[in-house]
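The chain contents come next:
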Amino acid sequence: MTDDSELPPAAAPDDVPATAAAPRDETILAQGHLHPAVLLLRLLDAMRQVAAPLLIGLAVQPWFLVLALIAFVLQLGTAVARYLTLSYLLTEDELRIREGILHRQERRIPLDRIQDLGFESTLLRRGLGLVVVLVETASGRGVEARLDALSRADAEHLREVLLAARGVRAAAPAVDAEHAAAAPGDGTGDATREPPASPTHEPEWYVHRSTPGELLLRGATDLRLGAFVVTGFAALELADQLKLLSGAVGVLDTVERWLTSLSPALLGVVLMTFLLAVLAFGVVTSTLGNLVQFHGFTLLLRGTVLQRRFGLLTTRQKTLPRARVQRVTIEQTWLRRLCGLAVVKADSAGGSRGDGQDTSGGWDVVVPLTRLGTAHAILPALLPGIENDSFTWHKGSPRLVLRMALVGVLWAAVATPLLWWRFGPIGAAGLGFVPLWTVLGVLVYRNLGWAAGDSFFALQHGVVGRTFASVPTAKVQAVVVRQSPLSQLLGLAELTVFVAGGSPTRLPDLTLADARQLSASLVERAARSAAADW
Amino acid sequence: MELAEPPRPTDRLAGRVVPYWMLVDGITSLLLAVGLWAFARPWLADNWRHWSPGLDYALLGVSGGLLAMAAVMPTLSYARWRYGFLGDLLLMRYGVVFVEERAVPVRRMQHVDLMRGPVERLFGLATLVVFTAGNEGSAFRVPGLPLERATELRDRIVQMRGDGRL
């Protein structure tokens, strides 16, 4: 270790030779090529590519056939060349992927940077016994390298050896500390660092396995339904205003004439049926979507690594080292809260929701849906040690109701005159902002709570739904206490906790004193565990 | 976890940051005001049905407000700005309308930048920017530092991290 100022001097002499004189003889842990069946996939790809020119060639212009042939040969040629030249090699330090004939390239990915070794397999690949291996790093770019495709056995072997090798590296503190400093995603601190994974086969613990019933419920309680209906109507209205429907105006006129010819009761029935049909369509599609996406969802713990397997058509297998978990949230939308159901999500270093190419895979979902009690019972598997931490829950300041009421007054003060001027006395409805915001304030106050344990920080917030979040204090990057003008007036403050992955965690409407004390103790703990990581 | 009495940072920015901010904000406000009168007003007068000459006063108010902000805000902002090191922490407290208190452990910083714009250089000022891991809001900046002070802070952070690897 090159650290010389902060550490006790005794530590340095022991550590320095360990890195400096580390022998560089490389042991090859695993190596291989793509699976030959990939050529079949590529052949299909090439055939699909030339389908259009081929058809044109046959039907219209014969010289398109030549074009199709050239394209086909080129496609297949590059595919074969790629297949022949691509090889991977795993040593104790890094994963190397080499490819190319004219333009040779070798990519070396240090083991410590590999955050996630995911598997994906489409229906076709599954039939051929193939998986796509996605090497994910903490760089925030998501997928760093892609091996399309290996045989399932090779892929499993690679992952196994890789995890074991990384476990061994974590056991050597000098080497690990050096890399922790060098790798951005790693500098986030692993005070909860696990004992090294043993190279032998480790037992797997099933943390959670989703039943089809749970997945059905997930689809049925998907609130995007509501949004779907609302946006559907909004889109119709907008289209109407923009006269986009003028093309279909004849049809609409017919429908309108038909509708107006009906009796009011019958009209109501027709409209209700239409609405229900839209709703039912939403329920069915989202339920089917959830069933397909999360089919057979299994969360298991293997040593220190969490693993998720799911999918019906495209199967996905994603790993998440437990030490990289930055925050775990248990989310309940209002409908799910009514039913006592919750979704568990985990943010990890190097990725944020809505960023990167892999958002379709539901990658931050750890449990698609389960009972609230089960969700809380699973927490220790995701955040080891949380079961030993004692939490004393505190409420936010009741003054937040006053703050919300004042916000309501401000809104009313702006909206009422405008509405009155535009619509006459009916604009007095703008005054409704005051009671509405007050009620919102009461709801927020009832849901808001926080607790600071020794190594975890937990909070709960929501209006009609509710979200519980837990952050290991060792992962805290920075803390901000913010006061808006109204908060300054009322002595309130908003606390924001930054971690290396996901969006910041916000805790609104604490008293200023609480917020400052909490911020100070959080950041002090973060600094202490950062020093311990060094 | 028991809650400790939190400290507040005490160091102030260089006084000459006030004229620097006034200059920069003043130029921005001036450009906006000119844009309003030269482009927005004629366009509105021609194309907006509800335009009335009385709205000229509103526009005048907006322009005046912009310039007044440029004149007043720097002083207020300077009066509020505090930063400082407390052991392993970099603390800052600032903001006129929204007051923010930020705390970053030095060992959580990924890298440190010194930024000096052309006008900033004329005033002999520098901005210290520290980055932590993460995507959103991972940059923390301390503006208006004299160059020597900024360099000293940067070196101190590097030294506190202990490895000169920043």
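Residues numbered from 1 in each chain as written. Chains lettered and ligands numbered in written order. Predicted model: local features only at pLDDT ≥ 70, side-chain atom pairs only at ≥ 80, totals over all residues. Heavy atoms only, no water.

Participant: Explanation requested: the overall build of chain A in the structure shown.
Facilitator: Helix and strand counts for chain A come out as 16 helices and 21 strands. Put simply, chain A has 534 residues, and 46% of those count as buried. (Helix = DSSP H or I, 4+ residues; strand = E, 2+ residues; numbered from the N terminus. Buried < 20%, exposed > 50% of the residue type's maximum accessible area, 1.4 Å probe, protein only.)

Participant: What exactly am I supposed to notice about the overall build of chain B here?
Facilitator: The helix and strand inventory of chain B stands at four helices and six strands. For chain B, the α and β elements follow one another from N to C terminus as α-α-β-β-β-β-α-β-β-α. A buried classification covers 40% of the 166 residues belonging to chain B. Carbon and sulfur atoms provide 63% of the accessible area of chain B, an area that totals close to 8,700 Å². (Areas by Shrake-Rupley, 256 points an atom, 1.4 Å probe, with all protein chains shown as cover.)

Participant: What should I look at first to understand the packing of aromatic side chains in this one?
Facilitator: The relation between two aromatic rings is expressed through the spacing of the ring centres and the mutual angle of the planes. Residues and elements named next belong to chain A. Enumeration over the complete set of coordinates arrives at eleven aromatic pairs over all chains. Members of the aromatic cluster, connected to one another through ring pairs, are Phe294, Phe297 and Phe310. Lying across the ring of Tyr445, Lys395 places its NZ or CZ 4.9 Å from the centre. Its end group placed over the ring of Phe423, Arg422 keeps NZ or CZ at 5.8 Å from the ring centre. (Phe/Tyr/Trp six-rings, centres within 6.5 Å; stacked < 30°, edge-to-face > 60°. Lys NZ or Arg CZ within 6 Å of the ring centre and 35° of its normal.)

Participant: Can you help me understand the sheet that holds strand 1 (residues 28–33) of chain A in this one?
Facilitator: To summarise the sheet geometry, strands pair through backbone hydrogen bonds and adopt either a parallel or an antiparallel arrangement. All names here are of chain A. With antiparallel pairing, four strands are arranged side by side in an open sheet as 1-2-3-4. Among the strands making up the open sheet, the edge pair consists of strand 1 and strand 4 (105–110). Averaged over all neighbouring strand pairs, the angle between strand axes comes to 15°, with direction disregarded. Where strand 3 (residues 94–99) lies against strand 4, six bridges are found, and the strand directions are antiparallel. (Pairing = 2+ DSSP bridges. Axes fitted to C-alpha atoms, helices over the stretch in contact; angles between N-to-C directions.)

Participant: Where do I start with the nonpolar core in this structure?
Facilitator: A general feature of soluble globular proteins is that nonpolar side chains tend to end up buried together. Grouped together as the largest cluster of nonpolar side chains are 31 residues, with contacts concentrated most on Trp450, Phe457, Leu495, Leu507, Leu510, Leu518 and Leu522 of chain A. Looking at this core element by element, the count peaks at six residues for helix 16 (residues 512–533) of chain A. Leaving out residues up to four positions away in the same chain, Leu510 of chain A has contacts with Gly396, Ser397, Trp450, Gly491, Leu492, Ala493, Leu495, Ala515 and Leu518 of chain A. By size, the runner-up hydrophobic cluster in this structure holds 30 residues, among which are Phe498 of chain A together with Phe85, Leu90 and Leu153 of chain B. (Core = buried A, V, L, I, M, F, W, Y, C linked by side-chain atoms within 4.5 Å. Contact = heavy atoms within 4.5 Å.)

Participant: How should I be thinking about the pattern of salt bridges in this particular structure?
Facilitator: If the charged atoms of two oppositely charged side chains come close together, the side chains can form a pair. All names here are of chain B. Tallied over the entire structure, the rule returns 27 salt bridges over all chains. In this structure, Glu101 and Arg8 form a salt bridge, with 3.8 Å as the shortest nitrogen-oxygen distance. Placement of the pair is Glu101 in strand 3 (residues 99–105) and Arg8 in the segment before helix 1 (17–47), with a sequence separation of 93 residues. Owing to a relative accessible area of 12%, Glu101 belongs among the buried residues under this scheme. Salt-bridge contacts for Arg154 lead to Asp155; the nearest nitrogen and oxygen are separated by 3.4 Å. Judged by relative accessible area, Arg154 falls into the partly exposed class, the value being 28%. (Salt bridge = Lys/Arg side-chain N within 4 Å of Asp/Glu carboxyl O.)

Participant: Got a minute to help me understand the side chain of Arg327 of chain A in this structure?
Facilitator: Residue and element names in this part refer to chain A. For Arg327, the position within the fold is in strand 12 (residues 325–332). Classification of Arg327 by relative accessible area gives buried; the value is 6%. There is a polar contact of 2.8 Å between the side chain of Arg327 and the side chain of Asp347. A distance of 2.7 Å separates a polar atom in the side chain of Arg327 from a polar atom in the side chain of Thr505. With near-sequence residues (within four places) excluded, Arg327 lies in contact with Lys345, Ala346, Asp347, Ala469, Ser470, Val471, Gly502, Ser503, Pro504 and Thr505. (Polar contact = N/O pair within 3.5 Å; in protein donor to acceptor, adjacent residues only side chain to side chain.)

Participant: Looking at this structure, how should I read helix 3 (residues 63–85) of chain A?
Facilitator: Counting along an α-helix, one turn takes 3.6 residues, and residues three or four places apart therefore face a common direction. Residues and elements named next belong to chain A. Its 23 residues place the ends of helix 3 33 Å apart at the C-alpha level, agreeing with the 33 Å of an ideal helix rising 1.5 Å per residue. Within helix 3 the residues assigned to the buried category are Ala68, Ala79, Ala81, Tyr83 and Thr85. For helix 3, the elements touching its buried residues are helix 2 (38–59), strand 2 (87–91) and strand 3. (Expected span 1.5 Å × (residues − 1).)

Participant: When you look at the environment of Leu518 of chain A in this model, what are you seeing that I'm missing?
Facilitator: Residue and element names in this part refer to chain A. Note on placement: Leu518 falls in helix 16. Its relative accessible area of 0% is what places Leu518 among the buried residues. It is 9.5 Å that separates the C-alpha atoms of Leu518 and Val479, two residues lying 39 residues apart in sequence.

Participant: Explain unusual backbone geometry to me, please; I cannot follow it from the model alone.
Facilitator: Note on backbone geometry: most residues besides glycine have negative phi, and most peptide bonds are trans. The linkage connecting Asp148 of chain A with the following residue, Ala149 of chain A, adopts the cis geometry, with an omega of 0°. Here Ala149 of chain A is to be found in strand 7 (residues 143–151).

Participant: Can you help me understand the sheet that holds strand 5 (residues 125–132) of chain B in this one?
Facilitator: Residue and element names in this part refer to chain B. With antiparallel pairing, three strands are arranged side by side in an open sheet as 4-5-6. Because the sheet does not close on itself, it has two edges, and the strands there are strand 4 (109–115) and strand 6 (139–146). Across the sheet, the mean angle separating the axes of adjacent strands is 20° when strand polarity is ignored. Across six bridges, strand 4 lies against strand 5 in antiparallel orientation. Within strand 5, the position partnered with Asp113 by the bridge is Val129.

Participant: I would appreciate a short explanation of the environment of Leu153 of chain B in the present structure.
Facilitator: All names here are of chain B. Residue placement: Leu153 occurs in helix 4 (residues 147–161). Distance from Leu153 to Leu114, taken between C-alpha atoms, is 9.9 Å for residues 39 residues apart in sequence. Apart from residues no more than four positions distant in its own chain, Leu153 is found in contact with Tyr83, Phe85, Leu128 and Leu145.

Participant: Hey, could you run me through the environment of Leu440 of chain A in this one?
Facilitator: Residues and elements named next belong to chain A. Here Leu440 is to be found in helix 14 (residues 433–447). A residue is classified by how much of its surface remains accessible, and Leu440, at 27% relative accessible area, is partly exposed. Taking C-alpha positions, Leu440 is 8.9 Å from Val464, a pair spaced 24 residues apart along the chain. In contact with Leu440, not counting residues within four places along its chain, are Met404 and Val463.

Participant: Whenever I open this one, the pairing of strand 1 (residues 82–86) of chain B confuses me. Can you help?
Facilitator: A regular strand places its side chains so that they alternate between the two faces of the sheet. All names here are of chain B. Bridge count between strand 1 and strand 2 (residues 89–94): five bridges; the pairing is antiparallel. Within strand 2, the residue paired with Leu86 across the bridge is Leu89. The hairpin turn running from strand 1 into strand 2, its antiparallel successor, is two residues long, and Gly87 in that turn takes a positive phi close to 60°.

Participant: What should I look at first to understand a nonpolar patch on the surface in this one?
Facilitator: On the surface, a cluster of nonpolar side chains totalling about 520 Å² of accessible area is made up of Trp63, Val66, Leu67, Ile70 and Leu74 of chain A. Take Trp63 of chain A: it is sitting in helix 3. (Patch = residues over 30% accessible without salt bridge, like charges linked within 9 Å, V, L, I, M, F, W, Y side chains within 5 Å.)

Participant: What is the right way to look at the pairing of strand 13 (residues 341–348) of chain A in this model?
Facilitator: All names here are of chain A. Extensive coverage of strand 13 is indicated by the burial of eight of its eight residues. Residue alternation in strand 13 divides its side chains into two sets, Leu341, Val343, Lys345 and Asp347 and Ala342, Val344, Ala346 and Ser348, and both sets are buried. The pairing of strand 12 with strand 13 spans six bridges and is classified as antiparallel. The residue bridging Arg327 from the neighbouring strand is Asp347, located in strand 13.

Participant: Mind showing me how you'd approach the packing of helix 13 (residues 399–423) of chain A against helix 14 of chain A here?
Facilitator: A packed helix pair is summarised by two numbers, namely the angle formed by the two axes and the spacing between the axes. Residues and elements named next belong to chain A. Packing of helix 13 against helix 14 leaves a shortest axis separation of 7 Å and a crossing angle of 155°. The orientation of helix 13 with respect to helix 14, classified from their angle, is roughly antiparallel. Helix 14 is crossed by helix 13, and the crossing has right-handed handedness. Together, Leu400, Val401, Met404, Ala405, Val407, Gly408, Val409, Trp411, Ala412 and Ala415 of helix 13 and Phe433, Val434, Trp437, Thr438, Leu440, Gly441, Val442, Val444 and Tyr445 of helix 14 make up the contact between the two elements. For the contact of helix 13 with helix 14, the class distribution of residues is 16 nonpolar, three polar and no charged. (Parallel < 35°, antiparallel > 145°, perpendicular 65-115°, else oblique. Left-handed = near helix turned anticlockwise from the far one by under 90°. Nonpolar A, V, L, I, M, F, W, Y, C, P; charged D, E, K, R; others polar.)

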